[in-house]
Amino acid sequence: MKDKNRFWKLAFAAFAVLSMTWIAGCAQGGGDEAAKGHDGDGKSAPTTAKVVKLAFVTSGTSEFWRIAGAGVHKYEQEAKIQVDIKAPPNGTPEEQNQILESLASQGYDAVAVTVLAPNDQVTVLNRVAEKVKLITFDSDAPKSNRLLYIGTNNYEAGKALGNEIVKILPNGGKMAVFVGMFAVDNATQRLKGIQDVVTAHNIQIVDKREDNADRAKARANVEDIINAHPDLNVATGLWSYNGPAIIAAVEALGKKGKVIPAVFDEEDVTLSGIENGTVACTVVQKPFQFGYLSSKWMHELATKGDAAMAAIPKDKMVDTGVDVIRKENVAEFKAKLVELKK
């Protein structure tokens, strides 16, 4: 009996020691098993890496943004991540602000946005930048706390189109300019570039019209100006959909060859207009690169921390450049677009 009692005392003592050891291990972080997790067989399983939440916010919907989206999808495939593409349905700053605020409240790690109203949206952009890694593309907001701008040097792009207009009107003439909103950074800079070139060559901008991203109004604006200025020589569109709107108005009014479109971006209608001789030229950006590089930078800023921050250029800008498309190179450019969209 004494031996049996002594056995149970020793067993109890051993159990107490083991229990205290287990409790201490839990207090220090749950032990290796708690840190690693378990699979169904009780074996250790590696910790799942954090899934980053990234978003690419456009200014609306158009063929231009489809090409940018192809760039986003290309990086998604390479990096095995997801980037959510968001578009304000009517292309208004208010809608874009709602999208940005929503993304910030949902815990997104990084957001890229083409800013519709750079001066008016600074407060919202800065509020979002407090919660996410914020970058801009296509249209910048340099007064905000965004980390980086990816896209065209729009002033230089404007100068490139201005030089083409000078070739169209070597002896001077009259032109009109159309856009969604002149206050948007890309429109402001493009127009300034055009003006700085054409003014010295006796080319006068006789009128400028906004359409607030209303496609019907975009065409109506062109028709109004052509009717008001029978001696108009060139019609310039600063945003992608303005080219097709100008072409439609010129053709409807029987002004082909008399009012010459010189525009921006690679809408299908614009490229067809170059092929059939309605349009003189278009200055194209590189929207595929907007999507691809924005996704890459967002991913790295969200995952590499200080190393990614240190890699940002001193001027906080990645210039993707432009190309000028004319009749002699439009077929080659269209073939390239087909490849980009695959």
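Residues numbered from 1 in each chain as written. Predicted model: local features only at pLDDT ≥ 70, side-chain atom pairs only at ≥ 80, totals over all residues. Heavy atoms only, no water.

Trainee: Outline the packing of aromatic side chains, listing residues and values.
Mentor: On inspection of all chains with the given rule, the structure shows six aromatic pairs. Here the aromatic rings of F64 and F290 are separated by 6.1 Å at their centres, their planes lie at 65°, and the arrangement is edge-to-face. Here the residue F64 occupies a position in helix α3 (residues 63-79), and F290 occupies one in helix α11 (residues 287-303), the gap between them amounting to 226 residues. This pair shows no difference in class: F64 is buried, exactly as F290 is. Put simply, the rings of F56, F64, W65, F137 and F290 pair up and form one aromatic cluster. Its guanidinium or amino end placed over the ring of F264, R190 lies 4.7 Å from that ring's centre, counting from NZ or CZ. Positioned over the ring face of Y241 is R215, at 4.1 Å from the centre of the ring. (Phe/Tyr/Trp six-rings, centres within 6.5 Å; stacked < 30°, edge-to-face > 60°. Helix = DSSP H or I, 4+ residues; strand = E, 2+ residues; numbered from the N terminus. Buried < 20%, exposed > 50% of the residue type's maximum accessible area, 1.4 Å probe, protein only. Lys NZ or Arg CZ within 6 Å of the ring centre and 35° of its normal.)

Trainee: Explain the sheet that holds strand β6 (residues 173-179) to me, using residue names and the numbers behind them.
Mentor: Here six strands make up an open sheet; going across it, the order is β7-β6-β8-β9-β10-β12 and the pairing mixed. Of all the strands in the sheet, just β7 (203-210) and β12 (323-325) have a single pairing partner and so form its edges. Ignoring strand direction, the axes of neighbouring strands in this sheet form an average angle of 20°. Direction of pairing for strand β8 (residues 234-237) relative to strand β9 (residues 260-264): parallel, over a ladder of two bridges. Bridge pairing in β9 links V234 to I260. Contacts between helix α8 (residues 215-228) and the sheet are confined to β6 and β7, with β7 contributing the most and set at about 145° to the helix. (Pairing = 2+ DSSP bridges. Axes fitted to C-alpha atoms, helices over the stretch in contact; angles between N-to-C directions. Contact = heavy atoms within 4.5 Å.)

Trainee: Quick one: what's the story with helix α10 (residues 268-275), residue by residue and with numbers?
Mentor: Restricting attention to buried positions, one finds in α10 the residues T270, L271, G273 and I274. For α10, the angular spread of buried residues about the axis comes to 155°, placing them on one side. Looking at the packing, one finds that the buried side of α10 touches α9 (242-252), β9, β10 (281-284), β12 and α13 (330-341). Note on α10: the residue one or two positions beyond its end, G277, has a positive phi of about 90°. (Arc of directions from axis to C-beta.)

Trainee: Tell me what's going on with the nonpolar core, and back it up with residues and numbers.
Mentor: Judged by nonpolar contacts, the single largest core of 50 residues is most densely connected at I135, I150 and W297. Each residue touching W297, except ones within four places of it in the same chain, is listed here: I135, L148, I150, A308, A311, I312, P313 and V318. In this structure, A157, A213, W239 and A245 belong to the second largest nonpolar core, which totals 31 residues. (Core = buried A, V, L, I, M, F, W, Y, C linked by side-chain atoms within 4.5 Å.)

Trainee: Can you tell me about the packing of α8 against α9, naming the residues and giving the values?
Mentor: Two elements in contact, α8 and α9, have axes separated by 8 Å at closest approach and are oriented at 45°. Viewed along their axes, α8 and α9 adopt a mutual orientation that is oblique. Where α8 crosses over α9, the two elements pack in a sense that is right-handed. Residues A218, R219, V222, E223 and I226 of α8 pack against N242, A245, I246, A248, A249, V250 and A252 of α9. Across the contact of α8 with α9, the residue classes break down as nine nonpolar, one polar and two charged. (Parallel < 35°, antiparallel > 145°, perpendicular 65-115°, else oblique. Left-handed = near helix turned anticlockwise from the far one by under 90°. Nonpolar A, V, L, I, M, F, W, Y, C, P; charged D, E, K, R; others polar.)

Trainee: Can you tell me about the sheet that holds strand β11 (residues 317-319), naming the residues and giving the values?
Mentor: Read across the sheet, six strands follow the order β2-β1-β3-β4-β5-β11 without closing on themselves; strand pairing throughout is parallel. Edge positions in the sheet fall to β2 (83-86) and β11, since each of these pairs with one other strand and no more. On average, each strand axis in the sheet is tilted by 20° relative to the strand beside it, whichever way the strands run. In terms of strand pairing, strand β5 (residues 149-151) meets β11 through three bridges, oriented parallel. What sits directly across from I150, in β11, is V318.

Trainee: Please provide a residue-by-residue account of the layout of surface pockets, values included.
Mentor: Taken as a whole, the largest pocket spans an internal volume of roughly 330 Å³. What lines the largest pocket is a set of 25 residues, and nearest its centre among them are S59, G60, W65, W239 and Y241. Counting only elements with at least two residues in the lining of the largest pocket, the list comes to α3 and α7 (185-198). Looking at side-chain class alone, the lining of the largest pocket contains ten nonpolar, eleven polar and four charged residues. (1 Å grid on protein atoms, 1.4 Å probe; cavity = no way out; pocket = protein on both sides within 12 Å on 5 of 7 lines; lining within 4 Å. Points joined across faces, edges and corners; volume = space filled by probe spheres on them.)

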